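Residues per chain, in single letters:
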Amino acid sequence: MESHHERAAAGDDRAIRFTGNWREYLPIAATNALLIIVTLGIYRFWASARQRRYLWSRTHVIDDTLEWTGTGKEMFLGFLIVIAILAPFFLFIQFLFPALMVRGKIEAASGILFLFYIALIYLGGFARFRALRYRLSRTYWHGIRGGSDDPGWNYGGEYLGRIALAAMTMWIMFPWAQTKLWNARWNAMSFGPLPFSAGLETEGLKARWALVYAAPFAAMIVAFMIIATLGLGMGVQDGPNPTIGGAFIAVLLLIYIAIPLATLHWYAKYYRHAAAATRLGDLEFDFDATTLQWLGLFLGNLALAIVTLGFGLTYWGYRNWAFMVRHMRVYGSVDLGDLTQSTTHAPREAEGFADAFDVGAI
Amino acid sequence: MIEGTLYDGATAHPHAVSVVVADGRRLALRQESGWSDRVEAGVLKRMDAPAGLLRLGRTDLPGWRLMLPAAAEAELSGLLGRHERYGRWIDRIGLVPALVAGAAITGVVVGTGYIAPHWIAPHVPMSWERNVGTAIVGDFGDLRCRDAKGQKALEDLVERVAPGATRGPNGIKVAALNVPIFNAAALPGGYIVVFKPAITETNPEALAGVLAHEVAHVRRRHVAEAMIREFGIGALIRLFAGNVGANAEQIVSLSYTRDNEAQADSDAIAMLKRAGISPKPTADLFTKLSKQQREIPGYGAEFLQSHPLSDKRAVKFSAAADPKAHYRPALSRDDEDALFDICSSRRTQK
């Protein structure tokens, strides 16, 4: 069997690159938006299949593009199946909870609600695993696809346990939960015959997580400095002082901005570490987006949506995907002769659960 | 003859192949090694590819891909079906007809879903609605304020504005709940609940206005109407608009249309007039609530959410006050005291 090696080179010759452009995507974005509106949202499954077909086909890996083979129909059916399973459950809770509350059975109602949220967290973890598995199973490269033989039920349990532990420790354990879950998820995935292997550690991520706790205090200190500076110039006045109220709002605002920023700062590093700790056969990955670049992406998305009076929303998926690909590097080689077809079971329920719980795959 | 690249779907290895169209309905593939294959046109499908490339797949072999220069499309056009663009169900009728048909159907569905409950609700037997209501509220359990004199005063107040309303098999059942939120609501099945602050922080005349408004919702079947609307079109839209998990919570929350609110207000004003109670205190209550809402966000938020309050509504009640009319108090002094103490624990009896 002849073998074929490709090695990533520097510069424009990157092993993974995005070749799409917004003008080429415009007809897809526009028709998707129109069809979603006139079908009361039912078209969104086909819209997302079209979007992915475009994005995958404009993502060049080594010497060929990726290919998305998932269909709108299977995502729609997957969604209906999940709704059929979840709807009775939701409706039951929706009647039971107010019925207990109005009778003053607060403990019983809280208990039911607690169990309900436990089930939601479990299903949320399960959904995230299934979404990743589904996406890999519909992603082809050189005629070969990915997948997983793990149905993800255990992952749901592990997710619930680790999130519960993190919550019980006031989220101090969150970095451990996230890294362990990343590993659990990716170690169950494969592409062709090659298993993914992820060995993400919390090393280097703990200090940044501590910043999330420090952020509100830092914001308060900054705010008090502002108040002190303003206070010096005010002198003695009678009656309520409007600047004090303004300063109070400024403190709140700063805290509301500081915590998400610190969290983003953590996630930026988390994703860089996660990519570096993940391998596929001999292939190694690298992801180099900084906190500022992530911020630029989110603010850009927001600005685009505002300036275009909402139409820009249809470009969020495009921009996010392009961002991921542009910041991604792949190193190493693939032996094409050894990259045989995946033997994993291709799931049929598509992303119904992920869709229902609104979680991403990565 | 066209030169192309083939992935066989078994390995990632690309094979150089030459392709010719055989008898107008097959592709004949040949490799230099001597390997050859024929593929029926029926199993071929076009896949998405960047400009300059024609990528074909097979419906019977998942990973099989044949990449040809885009120029080959003309030569193969007879073999390839139409390119799937928007999804088969849209492609079949074409984009523009699909948009027009979709817009028309959506218009009819939304229109019917929004308007139809108004016509259906009056025909829903009250006993059905009562079953739903009873399942939800029962006897209100421990939250209910059970002071007998207070309860009697509350029922008398409803009778003052709507004589006969609390009697009969489908009579309105009014209950005070010991919940520290300013609110009052009509629930399915003719139940009206009033939360404690709506009793203790108002006067009987303003409470009479609020109760009359809720009685109007019950009598006009607005509650059943809102339920049908929420379970019909409301659920449908939320379902497909995305994120079911978060939205499922809202499915059973009832909301009235603007028209229904206005009608309940008009009815309430008429009821107050017939009862000889001034609408002015109700107007003052609305003004006070909307002012407090502006000053202390959160206060009275519940009430405002279920009863969108505008200064216009206050003006409407205020304008209905007749300066020449001889208004009487809504309750006697004793009844007013009893009502005020309806939730006091010292007078609560199980």
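Residues numbered from 1 in each chain as written. Chains lettered and ligands numbered in written order. Predicted model: local features only at pLDDT ≥ 70, side-chain atom pairs only at ≥ 80, totals over all residues.

## As for the overall build of chain A
Regarding its fold elements, chain A presents 11 helices and 11 strands. Within chain A, buried positions represent 36% of all 362 residues. (Helix = DSSP H or I, 4+ residues; strand = E, 2+ residues; numbered from the N terminus. Buried ≥ 20, exposed ≤ 12 C-beta atoms within 10 Å, placed from the backbone.)

## A short note on the sheet that holds strand β6 (residues 53-58) of chain B
Residue and element names in this part refer to chain B. Strand order in the open sheet formed by 7 strands is β4-β3-β2-β1-β7-β6-β5, and the pairing between neighbours is antiparallel. Edge positions in the sheet fall to β4 (36-40) and β5 (44-47), since each of these pairs with one other strand and no more. Taking the axes of each pair of neighbouring strands and ignoring which way they run, one obtains an average angle of 35° across the sheet. Across 6 bridges, the pairing between strand β1 (residues 2-7) and strand β2 (residues 14-22) is antiparallel. Residue pairing across strands places Glu 3 opposite Ser 18, the latter belonging to β2. (Pairing = 2+ DSSP bridges. Axes fitted to C-alpha atoms, helices over the stretch in contact; angles between N-to-C directions.)

## Considerations on the packing of helix α1 (residues 22-38) of chain A against helix α2 (residues 44-57) of chain A
Residue and element names in this part refer to chain A. Between α1 and α2, whose axes approach to 9 Å, the crossing angle comes to 170°. One finds that α1 runs roughly antiparallel with respect to α2. Here Tyr 25, Ile 28, Asn 32, Leu 35 and Ile 36 of α1 lie close against α2, whose contacting residues are Arg 44, Ala 47, Arg 50, Gln 51 and Tyr 54. Grouping the amino acids of the contact of α1 with α2 by side-chain chemistry returns 6 nonpolar, 2 polar and 2 charged. (Parallel < 35°, antiparallel > 145°, perpendicular 65-115°, else oblique. Contact = placed C-beta atoms within 7 Å. Nonpolar A, V, L, I, M, F, W, Y, C, P; charged D, E, K, R; others polar.)

## Examining α1(A)
Between its first and last C-alpha, α1(A) extends 24 Å over 17 residues, near the 24 Å set by a 1.5 Å rise per residue. Looking at the buried side of α1(A), the elements it contacts are α2 and α10 (316-326) of chain A together with α2 (88-93) and α3 (95-120) of chain B. (Expected span 1.5 Å × (residues − 1).)

## Comments concerning the sheet that holds strand β5 (residues 139-141) of chain A
Residues and elements named next belong to chain A. Strands sit in the order β4-β5-β6-β7-β8-β9-β10-β11 across an open sheet of 8 strands; the sheet is antiparallel. A strand with exactly one partner marks an edge of an open sheet, and here the two such strands are β4 (67-68) and β11 (328-331). Each of β5, β6 (144-147) and β7 (190-191) is contacted by helix α4 (residues 106-137), which is oriented at about 170° to β6, the strand it contacts most.

## Quick word on the nonpolar core
Counting residues in hydrophobic clusters, the biggest one holds 60 residues, and the most contacted among them are B:Val158, B:Val161, B:Ile192, B:Leu211, B:Ala212 and B:Val215. For this core, the element with the most residues is helix α7 (residues 204-219) of chain B, which contributes 9 residues. Residues in contact with B:Val158, not counting those within four places in the same chain, are B:Ala165, B:Thr166, B:Ile172, B:Val174, B:Leu211 and B:Val215. Counting 35 residues, the second largest nonpolar core, distinct from the first, contains A:Tyr134, A:Leu136, A:Phe174 and A:Trp186. (Core = buried A, V, L, I, M, F, W, Y, C linked by C-beta atoms within 7 Å.)

## Here's the deal with the domain arrangement of chain B
All names here are of chain B. Annotation of chain B at the domain level lists domain 1 (2-83), domain 2 (89-120) and domain 3 (124-347). Counting residues at the interface gives 6 residues for domain 2 and 7 residues for domain 3. Counted by class, the side of domain 2 that touches domain 3 contains 4 nonpolar, 2 polar and no charged residues. (Domains from an automatic or database assignment.)

## Examining the pairing of β6(A)
Residue and element names in this part refer to chain A. Here β6 shows two buried faces, one formed by Ile 144 and Gly 146 and the other by Arg 145 and Gly 147. Across 2 bridges, β5 lies against β6 in antiparallel orientation. Considered in β6, the bridge of Tyr 140 is made with Arg 145. Linking two consecutive strands that pair antiparallel, namely β5 and β6, is a turn of 2 residues; a positive phi of about 55° is found at His 142 within it.

## Describing unusual backbone geometry
Residue and element names in this part refer to chain A. We note that Leu 40 has phi near 55°; this positive angle belongs to a residue other than glycine. Structurally, Leu 40 can be placed in the loop between α1 and α2. Classification of Leu 40 as buried rests on a count of 20 C-beta atoms within 10 Å. We note that Trp 171 has phi near 70°; this positive angle belongs to a residue other than glycine. Assignment of secondary structure puts Trp 171 in the loop between α5 (153-168) and α6 (174-186).

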